[in-house]
Amino acid sequence: MGNATYDVVVIGAGPVGENVADRVVRGGLTAAVVERELVGGECSYWACMPTKALLRSATALRAARRLPGAREAITGDLDAAAVLRRRDAFASNWSDSGQVSWLDSAGIALYRGQGRIGSDRVVEVWTGEDGPVVSLTARHAVVVATGSSALIPDVTGIREAAPWTSREAAAAAEVPGRLAVIGGGVVASEMATAFAGLGSVVTVLARDGVLHQAEPFAGERVVQSLREAGVQVRLGAEAASVHRDGEGTVHITLTDGERVEADELLVATGRTPNTQDIGLDTIGLKPGAWLTVDDTLRVLDDGALAGGGWLYAAGDVNRRSLLTHQGKYQARAVGDVIVARARGEAVEDGRWGRHVATADERAVPQVVFTDPEIASVGLTAAAAEAAGLRIRVVDYDLAAVAGSALHAEGYQGHARMVVDEDRQVIAGVTLAGPDVAELLHAATIAVVGEVPLDRLWHAVPAFPTVSEVWLRLLEAYGR
Ligand SMILES: Cc1cc2nc3c(=O)[nH]c(=O)nc-3n(C[C@H](O)[C@H](O)[C@H](O)COP(=O)(O)OP(=O)(O)OC[C@H]3O[C@@H](n4cnc5c(N)ncnc54)[C@H](O)[C@@H]3O)c2cc1C
Ligand SMILES: NC(=O)c1ccc[n+]([C@@H]2O[C@H](COP(=O)([O-])OP(=O)(O)OC[C@H]3O[C@@H](n4cnc5c(N)ncnc54)[C@H](O)[C@@H]3O)[C@@H](O)[C@H]2O)c1
C-alpha cells in the first residue's frame, strides 16, 4: 500500500468536491480528490445536465408553437432519437476524460476508488476488498463531498421490480411507451414533463401533491399543464405494492386498490446521503446519516467539532441545499476557510462573511424546468410565516406585462413577491411562466442584497421586457 500526504484530501469529485480542491490549490495548498465513479459527479452525468438536455428541445418546440409565423414553419414532431443523442453529448457520453484533464491542469491529484476515513486526517482509497491501495494523509483538512443517491421508499416489491431512479431516467437509451412516476417533487415534475414531451404516456402518483414545497400556484400550474400534455396526475395517490411481470410490465397497486400499469417505473421520492461506507464510524459518527455542519462547514458531532475540527462536509451530503450552484458556493466558502485556517488568517464567519454559506438559509435560488418554468428564490409566504416574519404577499399576473404578450401568444404566468414588512425588503419571489428562469437572478440580487423597496423603485426595468413585472409588483405593493 502506498502513502501520500496533501494539505487537503477531498472525498468525492462531484461539482462540489472538484471546486473545493480547485479553491484550495488556488490558495496555495496541495489537494487530492478521491472518486469512485466519474469525475464530475451526479450533476454532470445523471442529473442537472442530461435532464435539462432531455427537456430543452420540447421546450423550444412549445415556444415556437406559441408564436404565429414560427408555428407555421413547424413541419413535424419532436425527434426523440435526436434529443437522446444531444443528451448523450451533454453527458459527455459518460466519459470523464475532459474533467480528468481539467483536474490535471488545475494541479489536483486524482485517486480512483472508494474513499474511507481510516483514522484522524487519514483517507484510505479502496479499489477492492483486499485492503486500501493507498493511504492519504491530510495536513489541514479532509472534506466529505460524497453527494447523495436516490432514496427508494419502503413499498412492497419495489426493489424487485427494478425501478428507474433519476439515474436511469436521465440516461435512458429509449423512451418507454408508458412511464409511471412515484413522487411529486422536482425530479418527478421535470421527468414527467420530459418524457411526456418525448412521447411517453405518463402517470404521476403524487402522494403529497406536486411541488408542494413551492408556492401553491406553482404546483397548480404544473399540474394543469401536465394534464393538458396528456399526463395523468393522480394527486394523493400512494403506491402500496409493485410487481414486474414476466413480460416486463410493471403493475402498481395503490393504497385505494386501484392499479396502474407501465413499461417503466421512475421512483423520485427524495435523496439519501452517500455516507454509508466512508468510515464515519472510525471517528464516532453514524454511517448513513446526513452530516451536520457549522457555518464554516466543519462537521459537528452532537454540537462539538467532529475529530477536533479537521473534517468538513460540503454539497448534498450536508443537506443544507441539494443544488449544484449552492454546493459550489459552499465549496468556495469551505476552500477559502481551509486556506485561511492553514495560514493562520482571520476567519470571516459572520453573516455574509466570506467563509460561510449564509445564502443557504434564506436566499436559495432554484429553477424547476417544467412547463411553465418555476423560478424561485428565498422564502415562500408559508415558510416566511413559519419563520415568524410579518409579511405581505403581492401577486401579479405575469401575462399582463407588455413584454410577456410579445414573448408568446397567450402567455400565461404568475409572479409573487413576499415582502418582509418590518424590514421593507423582499423575503422571497416565485415566478411561473415560460422562460422565467432568466428573470431569477434579479430577484436573487434583491433578496441577497436586502435591497430596500424604496431603492428598488429606482431599478427601472427595460421596456418591453418581461422584467417589467418588477415595476408592476412594486406598484401593486404601493409607494
Ligand atoms: C435528476 C436530478 C436533476 C438535478 N438537476 C439539478 C439542476 O438542474 N440544478 C441544480 O442545481 N441541481 C440539480 N440537481 C441536484 C444536483 O445534482 C446535486 O445537488 C449535485 O450533484 C450535488 O453535488 P455534490 O458534489 O455534492 O454531489 P454529487 O454530484 O453526488 O457527487 C458526489 C461524488 O462523490 C463520489 N463519491 C461518493 N462517495 C464516494 C466515496 N466514498 N469515495 C469516492 N467517491 C465517492 C460520487 O461517485 C460522486 O461522483 C439534480 C439532481 C437530480 C437527482
Ligand atoms: N432543477 C433543479 O434544480 C433540480 C432538479 C431535480 C432535482 N433537484 C434536486 O434534487 C433533489 C431531489 O429531488 P426529488 O424530486 O427526488 O426530491 P424532492 O424532495 O423534491 O421530492 C420528493 C417527493 O417525493 C414525495 N415522497 C417522498 N416519499 C414518498 C413515498 N414514500 N411515496 C410517495 N411519495 C413520496 C415527496 O412528497 C416529494 O413530493 C431535490 O432536493 C432538488 O433540490 C433539483
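The name recorded for the chain in an unreviewed UniProt entry is NAD(P)/FAD-dependent oxidoreductase, from Dactylosporangium salmoneum. According to the UniProt record, the Cofactor (unreviewed entry) comment for the chain is "FAD".

(A) The arrangement of the nonpolar core in detail. Within the largest apolar cluster, 146 residues are counted, with the highest numbers of intra-cluster contacts made by Val 8, Ala 31, Val 143 and Val 181. With 9 residues, the single largest contributor to this core is helix H7 (residues 186–198). Excluding its chain neighbours within four sequence positions, the residues that come into contact with Ala 31 are Tyr 6, Asp 7, Val 8, Val 10, Ala 21, Val 24, Val 25 and Ile 108.

(B) Up close: the domain arrangement of the chain. Domain boundaries assigned for the chain yield domain 1 (2–40 + 96–149 + 272–359), domain 2 (166–269) and domain 3 (372–477). Each of domain 2 and domain 3 was reduced to a C-alpha centroid, and the two centroids are 30 Å apart. Taken together, the contact between domain 2 and domain 3 spans 8 residues of the former and 9 residues of the latter. Looking at the side of domain 2 that touches domain 3 residue by residue, the class counts come to 5 nonpolar, 1 polar and 2 charged.

(C) Broad picture of the UniProt feature "domain: Pyridine nucleotide-disulphide oxidoreductase dimerisation" (unreviewed entry) in the chain. On the UniProt side, "domain: Pyridine nucleotide-disulphide oxidoreductase dimerisation" (unreviewed entry) is annotated at positions that read residues 364–470 here. Secondary structure content for residues 364–470 is 25% helix and 31% strand, while the C-alpha to C-alpha distance between its ends is 19 Å.

(D) Region of the structure containing the pairing of strand S23 (residues 425–433). Across the 9 residues of S23, 8 count as buried, placing the element largely inside the fold. Across 6 bridges, strand S20 (residues 373–378) lies against S23 in antiparallel orientation. Residue pairing across strands places Glu 373 opposite Gly 433, the latter belonging to S23. Summarising the sheet, strand S22 (residues 414–420) and S23 pair through 7 bridges and their orientation is antiparallel. Bridging from a neighbouring strand, His 414 pairs with Ala 432 of S23.

Parameters and conventions
- Residues numbered from 1 in each chain as written.
- Chains lettered and ligands numbered in written order.
- Predicted model: local features only at pLDDT ≥ 70, side-chain atom pairs only at ≥ 80, totals over all residues.
- UniProt positions renumbered as here; feature names shortened; annotations may be inferred.
- Core = buried A, V, L, I, M, F, W, Y, C linked by C-beta atoms within 7 Å.
- Buried ≥ 20, exposed ≤ 12 C-beta atoms within 10 Å, placed from the backbone.
- Helix = DSSP H or I, 4+ residues; strand = E, 2+ residues; numbered from the N terminus.
- Contact = placed C-beta atoms within 7 Å.
- Domains from an automatic or database assignment.
- Nonpolar A, V, L, I, M, F, W, Y, C, P; charged D, E, K, R; others polar.
- Pairing = 2+ DSSP bridges.

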